Amino acid sequence: MSEFETIIYHKQNDIAYVTLNRPHALNAYNLKMRDELYQVLGAIKDDPGVRVAIFRGAGERAFCAGADLTEFLTAPSPIIARQARWERDIWGLFLSLTKPLIAALHGYVLGSGIEIALCCDIRLASEDAQFGLPEPGLGIIPAAGGSQTLPRVIGGAKALEILLSGRWIKADEAHCLRLVNRVVPRKELLPQAERLARRIAGFEPVAVSYAKQAMVRGLDLSLEQGLELEAKLADFIIRLH
Ligand code: COA
């Protein structure tokens, strides 16, 4: 168990558990959480003892209610902010992880919350989950990858509607839109995420990682380039055996 202020990180049987842990503020994403999440993502990436990671929110009410509004627009000048992003590209790191990531989503999943979920590969939601991107209503735009990841997952038209209208959607609609893979009763959320994680963790890790890479990287390639990538990764795997 590691000692972070805003995140609980622990490992059990090849599975890493990342719990956003500011339940008094509905797990709002603040600067401290950004710094700690960056360290946690690095640990997931580098630790051969981690095969799958599960992301969840502490408390009964939220996975994450978005950026911490008490820090809203308190960032230093845009130049310094850009410099910080360049030095530490947390969303680039998140999206580059080749291990499978599962999001277990309950309650409010807003702003950065939905964006964190979109950095994961498989999203399970409990029946009480609600999703939204409130950024334009606050005079900002998503800055945790959401403007790129959401349309890639649910298609441009629906993504634009959700972003521009500020409309929140419930778990069933999120499922219809394929934003989440599955909707389950609240008490089943973690057990189902863990069952899935254990199943994946039981497979050959290199094959799992290459399978993820073939699909995720392939999404941004032409079919021809994607097939080349698949052939290359399949070849690497054969050579390993
Ligand atoms: N940043 C900082 N604190 C937040 C927060 C956020 N994004 N979202 C909720 N909180 C805090 C509240 O200030 C409150 O703290 P308090 O108990 O010290 O007053 C606590 O979490 C509970 O939230 P509350 O607003 O009382 O709960 P609610 O059930 O009435 O409403 C929401 C829940 C999610 C509808 C409401 O909290 C909300 O709209 N949050 C902001 C969502 C948002 O715009 N996020 C930014 C996206 S960029």
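Data block above holds the structure.
Presented here is an overview of the structure given in this document. Computed from a predicted structure; not experimentally measured.

1. Some points on the sheet that holds strand S7 (residues 122–126)
The six strands lie next to each other as S1-S2-S3-S5-S7-S10, forming an open sheet whose pairing is mixed. Each edge of the open sheet is held by one strand with a lone partner, namely strand S1 (7–12) and strand S10 (182–184). Direction aside, neighbouring strands of the sheet carry axes that sit 20° apart on average. Packed onto the sheet, helix H8 (residues 189–201) meets strand S2 (15–20), strand S3 (52–57), strand S5 (101–105), S7 and S10 and runs at close to 165° relative to S3.

2. Overview of the site of the ligand
Lining the immediate surroundings of the ligand are 16 residues, of which Arg61, Ala65, Ala67, Asp68 and Leu69 lie closest. One nitrogen or oxygen atom from the main chain of alanine 65 is found 2.9 Å from a nitrogen atom belonging to the ligand. Between the ligand and alanine 67 there is a distance of 2.9 Å, counted from a nitrogen atom to a backbone nitrogen or oxygen. Here the ligand loses 59% of its free accessible area of 860 Å² to cover by the protein chains. Grouping the amino acids of the shell around the ligand by side-chain chemistry returns 11 nonpolar, two polar and three charged.

3. Things to note about the packing of aromatic side chains
Applying the stated rule across the entire model yields five aromatic pairs. Among the aromatic residues, those joined into a ring-pair cluster are Tyr29, Phe55, Trp91 and Phe94.

4. Structural notes on the pattern of salt bridges
Within the structure shown, the criterion is met by 12 salt bridges. Between arginine 51 and aspartate 14 there is a salt bridge, with the nearest N and O atoms lying 3.9 Å from each other. With arginine 51 in the loop between helix H1 (31–46) and S3 and aspartate 14 in the loop between S1 and S2, this residue pair connects regions lying 37 residues apart in the sequence. Taken together, the shared-partner salt bridges connect Lys158, Glu161, Arg167 and Glu173 into one network.

Rules and cut-offs
- Residues numbered from 1 in each chain as written.
- Predicted model: local features only at pLDDT ≥ 70, side-chain atom pairs only at ≥ 80, totals over all residues.
- Heavy atoms only, no water.
- Pairing = 2+ DSSP bridges.
- Helix = DSSP H or I, 4+ residues; strand = E, 2+ residues; numbered from the N terminus.
- Axes fitted to C-alpha atoms, helices over the stretch in contact; angles between N-to-C directions.
- Contact = heavy atoms within 4.5 Å.
- Near = heavy atom within 4 Å.
- Polar contact = N/O pair within 3.5 Å; in protein donor to acceptor, adjacent residues only side chain to side chain.
- Areas by Shrake-Rupley, 256 points an atom, 1.4 Å probe, with all protein chains shown as cover.
- Nonpolar A, V, L, I, M, F, W, Y, C, P; charged D, E, K, R; others polar.
- Phe/Tyr/Trp six-rings, centres within 6.5 Å; stacked < 30°, edge-to-face > 60°.
- Salt bridge = Lys/Arg side-chain N within 4 Å of Asp/Glu carboxyl O.

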